[in-house]
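Listed below, chain by chain, are the residues.
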Amino acid sequence: MYDETPEERPIAEVQWQTRVDLAAAHRLAAMEGFSEGIFNHLTCRVPGHDDRYYQMPFGLHWSEVTAGCFMEIGYDGNQHAGTGIIEQSCFLIHGPMHKPASQAGAVFHTHMPFASALTRLENPEILPIGQMELLIANLTAYDYNYDGPAFSDSEGERLTAALGDKKILMMSNHGVVTAAPTVAEAYNLLYYLERVAQVQVYAMWTGRPLKTLPQTIIDQSKARLGSRRYGDKDHSYWHFEAMKRVLDRKEPDYKT
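A short tour of the structure in this document, coming up. (Residues numbered from 1 in each chain as written. Predicted model: local features only at pLDDT ≥ 70, side-chain atom pairs only at ≥ 80, totals over all residues. Heavy atoms only, no water.)

Let's talk about the nonpolar core
Rules: Here, nonpolar core refers to any group of buried Ala, Val, Leu, Ile, Met, Phe, Trp, Tyr and Cys residues whose side-chain atoms link them within 4.5 Å. Think of it in three bands: with a 1.4 Å probe and only protein chains considered, a residue is buried below 20% of the maximum accessible area for its type, exposed above 50%, and partly exposed in between. The numbering of helices and of strands both runs from the N terminus, where a helix is a DSSP run of H or I of at least 4 residues and a strand a run of E of at least 2. We call two residues in contact when some of their heavy atoms are within 4.5 Å.
Of all hydrophobic cores here, the largest spans 47 residues; its most connected members are Leu 22, Phe 70, Phe 108, Val 183, Tyr 187, Leu 193 and Phe 240. For this core, the element with the highest residue contribution is helix H6 (residues 183-205), accounting for eleven residues. Excluding residues that lie within four positions of it along the chain, Leu 193 makes contacts with Met 112, Ala 115, Ile 126, Ile 136, Ile 168, Met 170 and Val 176. Core analysis: the next-biggest nonpolar cluster, separate from the first, contains 20 residues, Ile 73, Ala 104, Leu 159 and Val 177 among them.

What to know about the side chain of His 41
Inclusion rule: Pairing of N or O atoms within 3.5 Å defines a polar contact, subject to two protein rules: one partner must be a possible hydrogen donor and the other a possible acceptor, and residues neighboring in sequence count only if both atoms are side-chain atoms.
Along the chain, the position of His 41 falls in strand E1 (residues 41-45). A polar atom in the side chain of His 41 sits 3.0 Å from the side chain of Glu 87.

Some thoughts on helix H1 (residues 11-32)
For the record, the criterion: Each helix should span, by expectation, one fewer than its residue count multiplied by 1.5 Å.
Its 22 residues give H1 an end-to-end C-alpha distance of 31 Å, which sits within 8% of 32 Å, the value for a rise of 1.5 Å per residue. Burial of H1 is extensive: 16 of the 22 residues sit out of reach of the surface. With its phi angle positive at about 80°, Gly 33 sits one or two positions after the end of H1.

Some details on the pairing of strand E8 (residues 176-180)
Applied cut-off: What makes two strands pair is DSSP finding at least two bridges between them.
Most of E8 sits inside the fold, with five of its five residues counted as buried. Residues Val 176, Thr 178 and Ala 180 point to one face of E8 and Val 177 and Ala 179 to the other, with burial holding for every one of them. Sheet topology note: the strand E5 (residues 106-110)/E8 ladder contains five bridges and is antiparallel. Bridge pairing in E8 links Phe 108 to Thr 178. In this sheet, E8 lies alongside strand E7 (residues 168-171) in antiparallel orientation, the contact comprising three bridges.

Focus on the packing of helix H4 (residues 131-138) against H6
Put simply, the rule is: Every axis corresponds to a line fitted to the C-alpha atoms, with the helix fit spanning only the stretch in contact, and the corresponding angles, defined between N-to-C directions, vary from 0 to 180 degrees. Between 65 and 115 degrees an angle is taken as roughly perpendicular, under 35 as roughly parallel, over 145 as roughly antiparallel, and anywhere else as oblique. Left-handed describes a crossing whose near helix is turned anticlockwise from the far helix by less than a right angle; the clockwise case is right-handed. By the convention adopted, Pro, Cys, Tyr, Trp, Phe, Met, Ile, Leu, Val and Ala count as nonpolar, Lys, Arg, Asp and Glu as charged, and the other residues, Gly among them, as polar.
Put simply, H4 and H6 touch, their axes get as near as 10 Å, and they point 125° apart. Classified by the angle between their axes, H4 and H6 sit oblique to one another. For the pair H4 and H6, the sense of crossing is left-handed. Every residue of H6 that contacts H4 at Met 132, Glu 133 and Ile 136 is listed here: Leu 189, Tyr 192, Leu 193, Val 196 and Val 199. Residue classes in the contact of H4 with H6 are distributed as seven nonpolar, no polar and one charged.

A few points about the state of the cysteines
Defined as follows: For this text, the term disulfide refers to a pair of cysteine sulfurs within 2.5 Å.
Scanning the model with the defined rule gives zero disulfides in all. You can see Cys 44 has no disulfide; the closest cysteine sulfur is in Cys 90, sitting 12 Å from it. For Cys 44, a relative accessible area of 7% gives the class buried. Cys 90 supplies the cysteine sulfur nearest to Cys 69, a cysteine that is in no disulfide, at a spacing of 12 Å.

Some details on the pattern of salt bridges
Two side chains bearing opposite charge may form a pair once their charged atoms approach each other closely. Formally: What makes a salt bridge here is a side-chain nitrogen of Lys or Arg within 4 Å of a carboxyl oxygen of Asp or Glu, nothing more.
Applying the stated criterion across every chain yields a total of 13 salt bridges. The salt bridge partner of Lys 244 is Glu 241, with a shortest N-O separation of 3.0 Å. Pair noted here: Lys 244 and Glu 241 are both in helix H8 (residues 235-250), with a separation of three residues, about one helical turn. The partner of Lys 255 in a salt bridge is Asp 248, and the shortest N-O contact between them spans 3.4 Å. The class of Lys 255 is partly exposed, set by a relative accessible area of 38%. For Asp 248, a relative accessible area of 29% gives the class partly exposed. Residues participating in the shared-partner salt-bridge network are Arg 19, Asp 51, Arg 52 and Glu 72.

Remarks on unusual backbone geometry
If you check the backbone angles, Asn 40 has positive phi at about 75° while not being a glycine. Relative to the assigned elements, Asn 40 resides in the loop between H1 and E1. For Asn 40, a relative accessible area of 5% gives the class buried. At Asn 173, a position not held by glycine, the phi torsion is positive, near 60°. Tracing the backbone through its elements, the reader meets Asn 173 in the loop between E7 and E8. Given a relative accessible area of 42%, Asn 173 falls into the partly exposed group.

Rendered as structure tokens:
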């Protein structure tokens, strides 16, 4: 089970649980339709190290990913553990994003359809038209300049700067990134970002005026939504644990 205080457990146990959680995130993202063939990348820092992260071997579908398949890739591009092909655009984007001593323990990059549809608009911003939109908007940064595919780590550095201290990055004409301390939170953000984008796209499809919330409600709600905890855990913990139980019934081999 995911634990918010992993430093209290043996590092080998923490590393394996991180692998299990990252494999679950891949499987769940595939089930939700967030994946794009064999492309896009979900990565996480290797606990106990400050120079490497977990990356799946290129060529796997996300529905095939297991805890044992991940390679350990150094921020310098060296392969420290595991076997398989290192997908270069993953390394060039994720390596720089994992480097800073920041919240980016887990970095998820997808081209999921509804959020990516918004990135194709002149104004890709999450609009304040509903409750969950307020939370997501408060955590979101925007990169308005598409510089083409990642051919060097300068693109990852540019995206890291664009993300700043936020946890979500809308990448113009491209896709999205969620970055958070844990796999659970990065997945939770990915899930709700896509739901928010889906509702916004549906509302825009009606062609009718969107009902924007008053600024006073926006300010009050952002503060309250951002501090939600249930017991001693963040809500992302409960969501991810519930989704892993669903996965345990359907695809328990993700833990192998």
